[in-house]
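# Breakdown of the fold
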Amino acid sequence: MSDGQIAVLGLTKVYRKVRAVDDLSFTVEAGRVTGFLGPNGAGKTTTLRMLLNLVRPTAGTATIGGRRYADLTDPIRTVGAILEASGAHRGRTGRNHLRMLCYAAGMPASRADEVLELVGLTPAAKRKFKGYSLGMRQRLGIAAAMLGDPQVLLLDEPANGLDPEGIRWMRDLLKRLADEGRTVLVSSHLLAEMEILADDLVIIAAGQLVRQGTVTDIIDSMGAPQVRLRTPEPDKLIAALDKATVVRRNDDGSLIVAGMDPAGVGDLALRAGVALHELVADRPDLENVFLELTAGKATIR
Amino acid sequence: MSVATHAPAGRTAVPHTGTPGLRLIRSEISKIFSTNAWWLFGIGTLVVTGLALWANLAQAAGDLATARGPAGSLTVEGAAPAEAARAQAEFAAQHDLHTQVIKAAGNIFTAGQFFGLMLVLLLTALVVTNEYQYQTATATFLTTPHRSRVVLGKLVAGTGLAMLYFVVTLGVDLVAGLIFFNAEHLSASLGEWPVQRAILFNALGYLAWAVLGIGLGTLIRNQIGSVVTSLVVYLVGYAGTIIVFQLIRLYLIHRDGVLTAAVAAPSIASQVMISPEKLYPQSAAWWVGALVMLGWSILAGGVGIMLTRRRDIS
């Protein structure tokens, strides 16, 4: 059970009239980066906060490695979390912010310096939090999450405010942590980033599960494979294709051939004596799939 | 003590340090001393103490001069015998040097108390509300999911801070008082029980208001809300309660017990507790004040802990 699996079962949170999270169930496996996606107000943050014993569920359970967060013997050595970028006192230095957490968790104060080094904040260790940029605040949040060198990481929008270099740094860090066998659950709005970073996805909308699976499966489930190509003789190629094959001409002169893979199209072009200048498998991207899956569910509730 | 933990590959072993019960207290103390509020409030306390000392020393100098002056006797004409006797007793006390020295010592060695207690109340309320104001409550409760322990840690750290304020204030009062009595060629009377009692009760006051501040902060998480409530409870509470109970005495229940009951308000209870002499003729005994303070502290802290355990942190 110490495998760090996250299990959410029938989780529900009702705020007065709004069902922020509605009978939500999913699991997150160790050794993989799992993207947690959903439109604004879908209940992502509430779900993460229920996993962490910060918000009391109306119904259902949320466990980490089979135990509720409140029952973990050494919570921050088991789970690291980033929930908001502004979670430090304005007048306190980053180092002191981490130190007070070290003391409470029974860690040596030197651990604060180690995680500052890990996130590249050492030069700003003695600067007050109010002088931190948004990117530096995110790094401090990651440093706090890494204090206990935890098996499980829960990150709510960790890429917010990071510059391109910071985003790449974060991506490499999270991938490395997952490769080390840790569980990484990360919510984000940056769908292109998620497509690169995540292995698995959990997509929710209006508090309910929309889809769970690997990134490839989810994307493939939303559209048949298709091939995009360029040729100087499009009509000759179309004539050679099966009559049932759907072909679409793009404005830029390229052709989209549905229901075939690149090898099939290439072989066919060779037999027809048509030159190909470009030939790529064209998958719908995560953004399109996401918008299609959550269409109509992103309303303000 | 340092115990290395066994960590899987790729993970570093973060050693365990500290004594479990003391970790949270240490964490809370480090929170207090890693921001500016504690010394800003400390300076405020010193300024207030200085002003109070100046006033108390001036008054003591006047009183002592009166006491040293020609005693004579007071003749009261046209007054009831009881009234006359009381006036004469008062006159005698004013001219009794020993009584005046003890009274002066009690005042001087607790100078700055009134606003000092208020600053401690505000500061300890901030110790709690800062967590919500700056959203550090999330990190705090992630590290320690058992929230009542966090509140207890704050209680210990907060009362410790109050004691620090008390000791520093007392130090200033002692230096000033000793110089003053030396210049007056009088004993500082530190061996006298009434003076010692005044100092002890002063410490008790600092403790009680620190506990009350923590309780109030957990009760009202909003920073402005808790600061305003603190000020109302402390300042308006004092004068307001006296007026309200006087009015009740005057128009509703015509008994002196009503005025004694004013001790139910924390600000009155505090003054009743820390006054070596009766605060007013109908005042309850000092220990009633102490019990009332304890009751309010337990109530505020208990309700605060209960709410903190139940509330969502978002």
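Residues numbered from 1 in each chain as written. Chains lettered and ligands numbered in written order. Predicted model: local features only at pLDDT ≥ 70, side-chain atom pairs only at ≥ 80, totals over all residues.

Right, let's get into the pairing of strand β1 (residues 6-15) of chain A. Residue and element names in this part refer to chain A. Sheet topology places β1 next to strand β2 (residues 18-28); seven bridges connect them, and they run antiparallel. Its bridge partner being in β2, Ala-7 is matched across the sheet by Thr-27. If you look at the hairpin formed by β1 and β2, you'll find two residues sitting between the two strands, and Arg-16 has a positive phi there, around 40°. With five bridges joining them, β1 and strand β4 (residues 59-64) adopt antiparallel strand pairing. By the bridge assignment, Ala-7 is partnered in β4 with Thr-63. (Pairing = 2+ DSSP bridges. Helix = DSSP H or I, 4+ residues; strand = E, 2+ residues; numbered from the N terminus.)

Under the 1.5 Å per step criterion, the end-to-end length of helix α3 (residues 94-105) of chain A is 17 Å for twelve residues, consistent within 8% with the ideal 16 Å. Counting buried positions along α3(A) yields twelve of twelve residues, so the element is predominantly enclosed. Residues of α3(A) that are buried: A:Gly94, A:Arg95, A:Asn96, A:His97, A:Leu98, A:Arg99, A:Met100, A:Leu101, A:Cys102, A:Tyr103, A:Ala104 and A:Ala105. For α3(A), the elements touching its buried residues are α2 (75-78), α4 (110-118) and α5 (134-146) of chain A together with α1 (20-33) and α6 (137-143) of chain B. (Expected span 1.5 Å × (residues − 1). Buried ≥ 20, exposed ≤ 12 C-beta atoms within 10 Å, placed from the backbone. Contact = placed C-beta atoms within 7 Å.)

Across the contact, 34 residues belong to chain B and 37 residues belong to chain A. Those elements that place two or more of their residues in the side of chain B that touches chain A are α1 and α6 of chain B. It is α1(B) that contributes the most residues to the side of chain B that touches chain A, seven residues altogether. Classifying every residue of the side of chain B that touches chain A by side-chain character gives twelve nonpolar, 17 polar and five charged. (Nonpolar A, V, L, I, M, F, W, Y, C, P; charged D, E, K, R; others polar.)

Residue and element names in this part refer to chain B. Overall, the prediction assigns chain B a mean pLDDT of 86, with 93% of residues at 70 or greater. Confidence, read as mean pLDDT per element, is least for helix α3 (residues 81-94) in chain B (78) and greatest for helix α7 (residues 147-183) (94). Every residue in residues 1-7 is under pLDDT 50, and counting partners more than four places away or in other chains gives 16 contacts. Here the prediction assigns the complex a pTM of 0.84, and the interface score ipTM is 0.83. (pLDDT = per-residue confidence, 0-100.)

Residue and element names in this part refer to chain A. Ordered by their spatial adjacency, six strands build an open sheet running β5-β6-β7-β3-β8-β9, and the pairing between neighbours is mixed. Both outer strands of the open sheet, β5 (79-82) and β9 (208-214), are each paired with one neighbouring strand and no more. Neighbour to neighbour, the strand axes of the sheet diverge by 15° on average, direction disregarded. Note: strand β8 (residues 200-205) against β9, six bridges, orientation antiparallel. Within the sheet, the bridge partner assigned to Asp-200 lies in β9 and is Thr-214. This element, α5, spans β5 and β6 (152-156) of the sheet and lies at about 165° to β5. (Axes fitted to C-alpha atoms, helices over the stretch in contact; angles between N-to-C directions.)

Glancing now at the nonpolar core. A:Ala143, A:Leu147, A:Leu154 and B:Val120 are the most contacted members of the largest nonpolar core, which totals 152 residues. No other element matches the 13 residues that helix α8 (residues 193-219) of chain B contributes to this core. With seven residues, the next largest nonpolar core counts A:Leu237, A:Val257, A:Met260 and A:Val265 among its residues. (Core = buried A, V, L, I, M, F, W, Y, C linked by C-beta atoms within 7 Å.)

All names here are of chain A. Summarising burial for β8: six of the six residues are buried, a large majority. Both faces of β8 are covered, namely the face carrying Asp-200, Val-202 and Ile-204 and the face carrying Leu-201, Ile-203 and Ala-205. Where strand β3 (residues 33-37) and β8 come together, four bridges link them in parallel fashion. Note on β8: the bridge partner recorded for Phe-36 is Val-202. Once β8 ends, the chain turns through two residues before running back antiparallel as β9, passing Ala-206 with a positive phi of about 50°.

Below, the discussion takes up the sheet that holds β4(A). Where strands meet in a sheet, backbone hydrogen bonds hold them as pairs that are either parallel or antiparallel. All names here are of chain A. Sheet architecture is open: three strands sit in the order β2-β1-β4, paired in antiparallel fashion. Lying at the two open borders of the sheet, with one neighbouring strand each, are β2 and β4. For this sheet, the mean inter-axis angle between neighbouring strands, taken without regard to orientation, is 20°. Contacting β1, β2 and β4, helix α1 (residues 44-51) crosses the sheet at an angle of about 115° to β1.

Residues and elements named next belong to chain B. Direction vectors running N to C along helix α5 (residues 113-133) and α7 enclose 155°, while the axes themselves pass 10 Å from each other. With respect to α7, the axis of α5 lies roughly antiparallel. Handedness of the α5/α7 crossing: right-handed. Listed contacts from α7 to Gly-116, Val-120, Leu-123, Thr-124, Val-127 and Val-128 of α5 are Lys-154, Gly-158, Leu-161, Ala-162, Tyr-165 and Thr-169. When grouped by side-chain class, the residues that make up the contact of α5 with α7 number seven nonpolar, four polar and one charged. (Parallel < 35°, antiparallel > 145°, perpendicular 65-115°, else oblique. Left-handed = near helix turned anticlockwise from the far one by under 90°.)

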